[in-house]
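Architecture and fold: a report
Here is what each chain is made of, one letter per residue.
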Amino acid sequence: MTMNCPYCSYYDSKVIDSRDINDGVRRRRQCLKCNARFTTYERLQQASLFVIKKDKRREEFDKNKLLNGIRKACEKRPLPTGTIDKLADDIEARLYELGKAEIPTSAIGDMVMEGLKKIDYVAYIRFASVYRDFADITALKQAVDTLITTQPQTSPVASQLPLIPNEQTARLAKSHLGRRK
Ligand SMILES: [Zn+2]
C-alpha cells in the first residue's frame, strides 16, 4: 500500500514503525522528499457480495432478507431458540467462503432449502413452494411424497406431515402457478 505524503503529496515514503492494532496494522511513515512523518492504518475490508435475482437485477447481499425469508417459512414452527439465526449465520459464512463477488439468489435458496430440510419439513415445504418453480401440482406432490417415503413412520418429523393436508398443498401450488402467469 502506498499513500501520498499529506504535506507535499510526494508518492513515496518509508515505513519507520509498524504495529498490529485490533483489526489492522498501524504504520508510521516518513516522506522520502520532505521527511515529514505521518501515520497510516491498514484494515482488512470484508469483500462485498452481490446477489443476482431472477430478473437479472443485482443487489448487495442483505442478511436481514435472508433471515426474514427463513423466519417466514418457520413461522409458528416449534423450533429451538437460535435455530433460525444459526442457519442464517451458516449460510452467510458459506456464501463468503465461496469467495465469489456475485451469487444467484437461486443458489442461496438452495442452501436455505437444504438447511430447512434437516430442521423442519413443514418449513422446508413452505419455503420450497415459494422459492422453487414447481412446474405443476404433480411436482409439488412428488416432493411431498419423497419426504414421506424417506421418513420412517416413527420419526417425530413424519408426525408433522398431516399439518399440510393435500388440499392445502394443492392450493399452495395453485396460487404459485397463478403468480407465474
Ligand atoms: Zn512530503
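It should be noted that the structure appears before, not after, this text.
Report on the accompanying structure. Since we're looking at a predicted model, the values are computed, not measured.

Rules used throughout
Residues numbered from 1 in each chain as written. Predicted model: local features only at pLDDT ≥ 70, side-chain atom pairs only at ≥ 80, totals over all residues. Heavy atoms only, no water. Salt bridge = Lys/Arg side-chain N within 4 Å of Asp/Glu carboxyl O. Helix = DSSP H or I, 4+ residues; strand = E, 2+ residues; numbered from the N terminus. Axes fitted to C-alpha atoms, helices over the stretch in contact; angles between N-to-C directions. Parallel < 35°, antiparallel > 145°, perpendicular 65-115°, else oblique. Contact = heavy atoms within 4.5 Å. Buried < 20%, exposed > 50% of the residue type's maximum accessible area, 1.4 Å probe, protein only. Core = buried A, V, L, I, M, F, W, Y, C linked by side-chain atoms within 4.5 Å. Donors = N, O, S within 2.8 Å, 3.2 Å for Na, K, Ca; no water. Pairing = 2+ DSSP bridges. Expected span 1.5 Å × (residues − 1). Arc of directions from axis to C-beta.

**Brief notes about the pattern of salt bridges**
- Counted under the stated rule, the structure contains 11 salt bridges.
- Put simply, glutamate 114 and arginine 94 hold a salt bridge, and the shortest N to O gap is 3.7 Å. With a gap of 20 residues between them, glutamate 114 in helix 3 (residues 105-119) and arginine 94 in helix 2 (residues 83-97) connect regions that are remote in the sequence.
- The network of salt bridges with shared partners includes Lys53, Glu59 and Lys65.

**A closer look at the packing of helix 1 (residues 63-73) against helix 4 (residues 121-131)**
- The geometry of helix 1 relative to helix 4 is characterised by a closest axis approach of 8 Å and an angle of 120° between their N-to-C directions. The angle between helix 1 and helix 4 falls in the class oblique. Seen from helix 1, the contacting residues are Gly69, Lys72 and Ala73; seen from helix 4, they are Ala123, Arg126 and Phe127.

**Looking at the side chain of glutamine 30**
- Mapping glutamine 30 onto the fold places it in strand 2 (residues 24-31).
- For glutamine 30, a relative accessible area of 13% gives the class buried.

**Describing the nonpolar core**
- In this structure, Leu66, Ile70, Ile91, Leu95, Ile108 and Leu116 are the most contacted members of the largest nonpolar core, which totals 25 residues.
- Elements with a contribution of two residues or more to this core: helix 1, helix 2, helix 3 and helix 4.
- With residues up to four places along the chain from it excluded, the contact list for isoleucine 70 reads Ile84, Leu87, Ala88, Ile91, Val112 and Leu116.

**Concerning the coordination of the zinc ion**
- The coordination sphere of the zinc ion, as far as protein atoms go, consists of Cys5 (SG), Cys8 (SG), Cys31 (SG) and Cys34 (SG), spread over 2.3 to 2.4 Å.
- Each donor residue of the zinc ion belongs to the same chain, and together they define the spacing C-x2-C-x22-C-x2-C. Here cysteine 31 lies in strand 2 and cysteine 8 lies in the segment before strand 1 (13-21), a separation of 23 residues in the sequence.
- For cysteine 8, a relative accessible area of 28% gives the class partly exposed.

**Observations regarding the sheet that holds strand 6 (residues 102-104)**
- Read from one edge to the other, the open sheet built from three strands follows the order 5-4-6, with strand pairing classed as mixed. Edge positions in the sheet fall to strand 5 (58-60) and strand 6, since each of these pairs with one other strand and no more. Averaged over all pairs of adjacent strands, the angle between their axes in this sheet comes to 35°, without regard to strand direction.
- Where strand 4 (residues 50-52) meets strand 6, three bridges bridge the pair, whose relative direction is parallel. If you follow valine 51 over to strand 6, its bridge partner there is isoleucine 103.

**Focus: helix 2**
- Relative to the 21 Å expected for 15 residues at 1.5 Å per residue, helix 2 spans 21 Å between its end C-alpha atoms, a close match to the ideal helical length.
- Among the residues making up helix 2, those that are buried are Thr83, Ile84, Leu87, Ala88, Ile91 and Leu95. The buried residues of helix 2 occupy an angular sector of 135° when projected down its axis, which confines them to one face. Those residues of helix 2 that are exposed and aimed more than 90 degrees away from the buried face are Lys86 and Glu97.
- Residues of helix 2 that are buried make contact with helix 1, strand 6 and helix 3.

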